[in-house]
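For reference, the chains in residue letters:
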2 protein chains.
Amino acid sequence: MKKSRVTLTDIAKALNISASTVSRALKDHPAINKETKRAVVKLAKKLKYQPNLLALGLLQKKTYTVGVIVPEITGHFFSTVITGIRDVLSPAGYNIAICLSNESFQEEIAITEKMAKTQIDGVLVSPASSTKTYKHFKALQKNGIPLVVFDRDCPGLDADKVLVDDYDGAFQAVEYLINSGCKNIAHLSGPMNLSITEHRLQGYLDALGKHKFPVKQENVIHVSGFTHEDGIKPAQKLLKLKNRPDAIFAMNDCIAISAMHVAKKMGLQIPGDVSIIGFDDEPHSSYFTPALSTIWQPVYSVGMLSARILLSKLQEGEEEPELRREVFKPELIIRASSKAV
Amino acid sequence: MKKSRVTLTDIAKALNISASTVSRALKDHPAINKETKRAVVKLAKKLKYQPNLLALGLLQKKTYTVGVIVPEITGHFFSTVITGIRDVLSPAGYNIAICLSNESFQEEIAITEKMAKTQIDGVLVSPASSTKTYKHFKALQKNGIPLVVFDRDCPGLDADKVLVDDYDGAFQAVEYLINSGCKNIAHLSGPMNLSITEHRLQGYLDALGKHKFPVKQENVIHVSGFTHEDGIKPAQKLLKLKNRPDAIFAMNDCIAISAMHVAKKMGLQIPGDVSIIGFDDEPHSSYFTPALSTIWQPVYSVGMLSARILLSKLQEGEEEPELRREVFKPELIIRASSKAV
DNA sequence: AAATACTATGCAAAGGTTTGCATAAAAATC
DNA sequence: GATTTTTATGCAAACCTTTGCATAGTATTT
């Protein structure tokens, strides 16, 4: 049988006083007798009184809970962002409700609806790759729930945003490959319709363009997901081209690792025959053979800053200041999978 | 300004009926006029009525939220367990509140207290490595909150448990090393006081014992955490022993990778000079050079089963059936980092 | 002694929803 | 036409906490 918890009224009855007095005694209200206060505090401790946050939330229309919507958490990126979010929000007294959209637009909609019902205070979101419209986010905003978008942009949505300059990261990587003497640079690109995919692709294209390299259709392949398996076939396709690329810039480290794997199986030297650069700088990446060159992003900072911005919206209250758009710069980290320049 | 949401009463007023009628109309209550129902449903949709789950929770003492307490989520293990949990609980209509203890006993206590206050329905927990007593868990149970412990056992705590046979996994790994001809097998063990550490260590010891191998104090080193960095120094210490081990069984894959890294830097052949076996079978593990031999665990299943057990406690209600203790068997996966037998 | 200020407490409402009981109206039965 | 049944709706309580206002008693001032 579910034991009902100790309530204010229970304590009040036991001491023959009113619930209001008990509430005030526990809240350091000035107008309260020291004796009474002492008795209340003592009994509350004895009975292990725990205030019912539901009742409080109902009363104050504030739940001290922030929702975080991410596509997945099994990768390094989002789990680290979440850790950053937690490290800001938790000390501030906020709960975090982490929800996984599983890269599904439908699930994302279901999540936002549930969040509205649970009276969440604010939302941090990185949209699913299949998300096309932002009605569900706008609905949250209309409900007065502040929204911060991180990492994956929602073009056209008016919200605070914390992003990473994916374009710049890609540009750096490709330009480095060019400077190191690569002549035929391919790109394992991400799933279509995703802002980060597009920005990285554009960075790749523009770096080629800047150096007057021709862009070959066959040199760009979109992978369908972010895991190793998703990278194998596209990498094979690339490395079996008649005009085999001498460099691959991959969407992320997992895909880059797949490409390295395929290349090695084909007997190719890395970086002798083909240079490889990834994106994300996962913890494992420096331990591969050869150690993977990659683009580092301030992942933890993305989480912290997003949380801080949301927090300020929650606390400053309602004055609707101008929207913020923060863009972090990534850094190229050269290891052994790409030629020295 | 925080717009207050549409409530039952708002709809009631607009239609000149009572809130009870509106509630019933939206709930397919039998005794309700079709006309009325149609009107209510139509208006509710138009105004985008969202029931307030706080009020409901307060009334029914049920929040349809389950708390999940894990030490961290940046690794592969817990993030995958969580995905399994979600895939069971989400379709059943439950929310998941993921909380990170950060391997800290104190934070874990704070989390459980907060969970009691938020009237959570049930809890899934894998305790922090620094957790020594289980008072906080017992307090939850006393409050009538069902608790399921997964992966990391809490010896002496009466709760449902979903574990992996770490002892058996370790035993398999070490026995394999013995059978493959290794004579001097070391163990990079986990943080002290953690059930999985102890079980794996015992498996190591017993496998040696079974084959009449001497146990050398110097061959067992405890690492302080689960990341690559935590493994480097202990691995160096091990491989610089006068009597250098010809095999290392590591606490997990990250540590094993560190050991491989150190060994390679020292110019040792793997597995020629030293065999290495890890634990966890992370997605990356087969992509290292050489591909890492390891122990696979049914991580996703651990999550799913834990969630299913909790779910049955939540639904069956209160009859307190006997506690379940499910133990999954891990599997040895031999790749290239250990000699063939 | 009367008026004022202060201290300590209680009452009641509010927050949104559900539900048992009561009630009213309509329909069905005799 | 009177009684019973059915159908549709409303009232009010309950869930727990906070807080403005009122009140009663005590202490201070004039």
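Procedures and definitions
- Residues numbered from 1 in each chain as written.
- Chains lettered and ligands numbered in written order.
- Predicted model: local features only at pLDDT ≥ 70, side-chain atom pairs only at ≥ 80, totals over all residues.
- Heavy atoms only, no water.
- Pairing = 2+ DSSP bridges.
- Helix = DSSP H or I, 4+ residues; strand = E, 2+ residues; numbered from the N terminus.
- Axes fitted to C-alpha atoms, helices over the stretch in contact; angles between N-to-C directions.
- Contact = heavy atoms within 4.5 Å.
- Near = heavy atom within 4 Å.
- Polar contact = N/O pair within 3.5 Å; in protein donor to acceptor, adjacent residues only side chain to side chain.
- Nonpolar A, V, L, I, M, F, W, Y, C, P; charged D, E, K, R; others polar.
- Buried area = accessible area lost by both parts, 1.4 Å probe.
- Salt bridge = Lys/Arg side-chain N within 4 Å of Asp/Glu carboxyl O.

Where an unreviewed UniProt entry is consulted, chain A appears under the name LacI family transcriptional regulator, with the organism given as Flagellimonas algicola.

Colleague: What should I look at first to understand the sheet that holds strand S4 (residues 147–150) of chain A in this one?
Modeller: What holds strands together in a sheet is hydrogen bonding between their backbones, with the strands either parallel or antiparallel. Residues and elements named next belong to chain A. Spatial strand order, S2-S1-S3-S4-S5-S11: 6 strands in an open sheet with parallel pairing. Every other strand in the sheet has two partners, leaving strand S2 (95–100) and strand S11 (325–328) as the edge strands with one partner each. Between one strand and the next, the sheet's axes are offset by a mean angle of 15 degrees, whatever the strand orientation. Relative to S4, strand S3 (residues 122–125) is paired through 3 bridges, and the arrangement is parallel. From the neighbouring strand, Leu124 faces S4, where its bridge partner is Val148. Across the sheet, helix H12 (residues 299–316) lies against strand S1 (65–70), S3, S4, strand S5 (160–164) and S11, angled at about 170 degrees from S5, the strand it touches most.

Colleague: Teacher, can you tell me more about the protein's contact with DNA strand C here?
Modeller: Lining the immediate surroundings of DNA strand C are 27 residues, of which Ser18(A), Thr21(A), Leu8(B), Lys27(B) and Tyr49(B) lie closest. Per the 4 Å cut-off to the protein, sugar and phosphate atoms form 65% of the nearby atoms of DNA strand C. One of the side-chain N or O atoms of Ser20(A) is found 2.9 Å from a base nitrogen in DNA strand C. Between Tyr49(B) and DNA strand C, the recorded distance is 2.4 Å, taken from a side-chain N or O atom to a phosphate oxygen. For the surface near DNA strand C, the elements supplying multiple residues, two or more each, are helix H2 (19–26) and helix H4 (53–60) of chain A together with helix H2 (19–26) and helix H4 (53–60) of chain B.

Colleague: Explain the environment of His29(A) here, please?
Modeller: Within the fold, His29(A) resides in the loop between H2 and helix H3 (34–47). There is a polar contact of 3.3 Å between the side chain of His29(A) and the backbone nitrogen of Ala31(A).

Colleague: Quick question: what am I supposed to make of the protein's contact with DNA strand D here?
Modeller: Within the structure, DNA strand D sits among 25 residues, and Leu8(A), Lys27(A), Tyr49(A), Ser18(B) and Thr21(B) are positioned closest to it. For DNA strand D, the backbone portion of the atoms within 4 Å of the protein, that is sugar and phosphate, comes to 68%. In this structure, Tyr49(A) approaches DNA strand D through a side-chain N or O atom, which is 2.5 Å from a phosphate oxygen. At a separation of 2.9 Å, a base nitrogen of DNA strand D approaches a polar side-chain atom of Arg24(B). By residue class, the composition of the surface near DNA strand D is 11 nonpolar, 10 polar and 4 charged.

Colleague: Could you clarify how one ought to interpret the interface of chain A and chain B in this entry?
Modeller: Often, the extent of an interface is quoted as the loss of accessible area upon association of its parts. Every contact between the two is made by 57 residues of chain A and, on the other side, 56 residues of chain B. Together chain A and chain B conceal approximately 5600 Å² of surface at their shared face, both sides included; 55% is due to carbon and sulfur atoms. Where Glu107(A) meets Arg86(B), a salt bridge forms, and the shortest distance between an N and an O atom there is 2.9 Å. The tally of links from chain A across to chain B stands at 13 residue pairs in polar contact (both at pLDDT 80 or more). Secondary-structure elements contributing two or more residues to the side of chain A that touches chain B are H4, helix H5 (76–89), S2, helix H6 (105–117), helix H10 (228–239) and helix H11 (253–265) of chain A. Of the residues assigned to the side of chain A that touches chain B, the class counts are 21 nonpolar, 21 polar and 15 charged.

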